[in-house]
Amino acid sequence: MIKSVALFYSPDAFVSGTQARLGRRVAGDGFLNGLLRHGGLESLVGVFAHDQEFAQFKADIASRAPGLQVQAASYEAPQALVEAGILFQPGPRLAGASFWRRRLGNQRGYSLCGITHTTSTERILDGLAEGLTAPVQPWDAIISTSRAGQNRVRRQLLEHGHYLQHALGVTRIPMPMLPVIPLGIDCASFRRNPALGAGYRQELGIGPEDIAFILVGRLSVRTKLSPLPMYLALQRAAERRGRKLHLILPGKFDDDASRIVFTVGAKQACPDVTVHFVDGHDAETYAKALAAADVFTLPADNIQETFGLAPVEAMAAGLPVVVTDWDGFRDTVEHGVTGFRIPTIMGGNGGEISFRYQMGTDGHASFLRNVAQCTAMDIGVAAAAYYRLAEDANLRRQMGEAARARAQRMYDWAAVIPQYLALWQEQARIRAKATEFAPLIKGRQPAPTRPDPFMLFAEYPTRRLEPGQRVSLVPGAKLDRLRELSAIPGTVARGSLLPSLNGFAMMLERLAQGSMTAGELGGVLPADQRPRAGAGMVWMMKLGLITIAPAEEAKPD
């Protein structure tokens, strides 16, 4: 049984309430709530890029799960992480975390588990490739949220693996586990309030017999969709009906370019559809808009999309959905049962697109738009689906009920979290018996991409500190003088690299009795501070409190 889990915690990845509503933030926030509610944990361990985030972590967890034991793990104190046995991080790049684990000297100490969200950025593309030359182990895992996403990750790893084999003669390509676990939601929170919806329809001027479609997501031509095909399909459906349709767009525009594309495009491409732009980042407005709608649609054509939480939320709200046959939608939307998936096609000169991206000619946004320009959905099929749902109230009801049941059965956190727990247990089982990749070699650097700087830059200084060198106190050097100097701005870069103030007091007190070797002086400190003794001695010399003589020059007092 999993009783403790370690999270690589960052507020940007797990807290959505005070920030822009991005899919990965909403997913991370929901995952943390789901884990705390359905994971049966006794403790939660936080691992941080910045020490000051521990206070926010404690406060965050206390607000979600009062009374749950909270611990911190770090490079200096990894025990809680090792006891948990699993480190979950909100992204798929495992290389850095695998080298950190290797530095600890025990690659079987725990498993790593990452997850994909968007997989098109340079950081992710490069990070996945780096994982093949990093000490990522067979007991580590990268979760994909859809089968399409899993195939995308596997395809890149295999492609880069073939390159390494032919370029460097590599004979073994390590691969992490690549399971598929969907994102989840709290289905109960998406129950629609009919009275709220009726009031909002009246506010927007949507009549009782009118049909309102809704699209939820970032109103972005860069990272979500090109709206023109949707507008054209809705216009065809409206012309066929002979009555206006409505489209509610709760969200915020990414930029002025998106604002122009969405607003001007709506006026020119679908004049028989009344388009309502509302603030979807306001929780109350979002709830009213969802309650007012009859059909959900999201004809995404952007590779930034990987799973798509919005259709699942709409399904939980009991809405039939019309989406493109695209990435994770292929898993979540059961065609003809919970809604319709519209066929898509992709084609063009992908090599030119990727080359411009790799050389920096195009940034990420341009890369996405270039691919989206070469992606199309079947507008005729979309128009027929819109028309059919607009005309058939019984079909809307049947599909809505099926959608709600499917969301509850497959995508509520109560159904998703057990899949995480089962994966982590399987990782532990594999960790106990699988062959270790890239075992540690005595005397070699555990992380060659970030080696010990004192080894790497060994020829820079006159000499390195060695145990046999003799340390002497400068006359007048005392603890009070150390305090005085350390208070000067810039004197201390990172205090955690140095002994404690009490440790400095012990060394200064011992040196006051006579000089001694660096090795002997380090032995004065408590065992937990001895690894920092060398840095402490060099720092005291930097402040003019001690001298360190080369071993061949040193003479006993």
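Scope of this entry: the structure provided in the associated data block. Model, not experiment: these values are computed from the prediction.

What follows deals with the overall build of the chain. Helix and strand counts for the chain stand at 23 helices and 17 strands. Along the first, second and third principal axes, the C-alpha set of the chain runs to 105 × 55 × 45 Å. Taking all 557 residues of the chain together, the buried fraction comes to 50%. Intrachain contacts of the chain at a sequence separation of at least 6 include 78% that bridge at least 24 residues. When the accessible surface of the chain is split by element, carbon and sulfur atoms take 53% of a total near 26,400 Å². Of the side chains in the chain, 61 bear a positive and 53 a negative charge, and the two mean positions are spaced by 3 Å.

Put simply, the second largest pocket is a space of about 1,200 Å³. Around the second largest pocket, the lining comprises 37 residues; the ones closest to its centre are Thr119, Leu125, Arg152, Ile303 and Phe367. At eight residues, helix H7 (residues 147-168) tops the list of elements feeding residues into the lining of the second largest pocket. Tallied by class, the residues present in the lining of the second largest pocket amount to 14 nonpolar, 14 polar and nine charged.

Our next topic: the packing of helix H14 (residues 350-358) against helix H15 (residues 364-373). Put simply, H14 and H15 touch, their axes get as near as 10 Å, and they point 175° apart. The orientation of H14 with respect to H15, classified from their angle, is roughly antiparallel. Contacts between H14 and H15 involve Ile353, Ser354 and Tyr357 on the former and, on the latter, His364, Phe367, Asn370 and Val371. A breakdown of the residues in the contact of H14 with H15 according to their chemical character gives four nonpolar, three polar and no charged.

With that settled, the discussion passes to empty space enclosed by the protein. Counting across every chain of the model gives three cavities of 30 Å³ or more. A volume near 80 Å³ is recorded for the largest cavity. Taken together, 13 residues make up the lining of the largest cavity; nearest its centre are Leu128, Gly131, Val136, Ile142 and Pro176. Considered class by class, the residues forming the lining of the largest cavity number 10 nonpolar, two polar and one charged. Broken down by element, the lining of the second largest cavity gets its largest block of residues, three residues, from helix H2 (residues 23-38). A per-class count over the lining of the second largest cavity returns eight nonpolar, two polar and no charged.

In this section: the sheet that holds strand S1 (residues 4-8). Across the sheet, six strands lie side by side as S3-S2-S1-S4-S5-S6; this open sheet has parallel pairing. Looking at which strands have only one partner, the edges of the open sheet turn out to be strand S3 (69-73) and strand S6 (141-143). Neighbour to neighbour, the strand axes of the sheet diverge by 25° on average, direction disregarded. Across five bridges, the pairing between S1 and strand S2 (residues 43-47) is parallel. Opposite valine 5, over in S2, you have leucine 44 as the bridge partner. Running over the sheet, helix H5 (residues 95-103) touches S2, strand S4 (86-88) and strand S5 (111-115) and is turned about 170° from S5.

Parameters at a glance
- Going along each chain's sequence as written, the residues are numbered from 1 onward.
- The predicted nature of this model means local features are confined to residues of pLDDT at least 70 and side-chain atom pairs, given and counted, to a pLDDT of 80 or more, with totals for whole chains, interfaces and linings taken over all residues.
- To get the side-chain values, take all heavy atoms of the structure and skip hydrogens and water.
- For helices the rule is a DSSP run of H or I covering at least 4 residues; for strands it is a run of E covering at least 2, with both sets numbered from the N terminus onward.
- Accessible area is worked out with a 1.4 Å probe on protein chains only. A residue is then buried under 20% of its type maximum, exposed over 50%, and partly exposed in between.
- Here, residues are in contact when the closest pair of their heavy atoms is within 4.5 Å.
- Computed with a 1.4 Å probe, the accessible areas rest on the Shrake-Rupley method; for each residue, only the protein chains presented here act as cover.
- We score Asp and Glu as negative and Lys and Arg as positive, and we do not count His or the chain ends.
- By convention, charge coordinates are those of NZ in Lys, CZ in Arg, CG in Asp, or CD in Glu.
- Both site types are read off a 1 Å grid over the protein atoms alone. A 1.4 Å probe that fits but cannot get out defines a cavity, while an open set with protein on both sides within 12 Å along at least five of seven lines defines a pocket; lining residues have an atom within 4 Å of a point.
- Grid points are joined across faces, edges and corners, and a volume is the space filled by probe spheres set on the points.
- Gly counts as polar in this scheme, as do all residues outside two lists: the nonpolar Ala, Val, Leu, Ile, Met, Phe, Trp, Tyr, Cys and Pro, and the charged Asp, Glu, Lys and Arg.
- Working convention: axes come from line fits to C-alpha atoms, limited for helices to the stretch in contact. Angles between N-to-C directions cover 0 to 180 degrees.
- Roughly parallel here means an angle under 35 degrees, roughly antiparallel means over 145, roughly perpendicular means 65 to 115, and every remaining angle is called oblique.
- Here the rule is simple: two strands pair whenever DSSP picks up at least two bridges between them.

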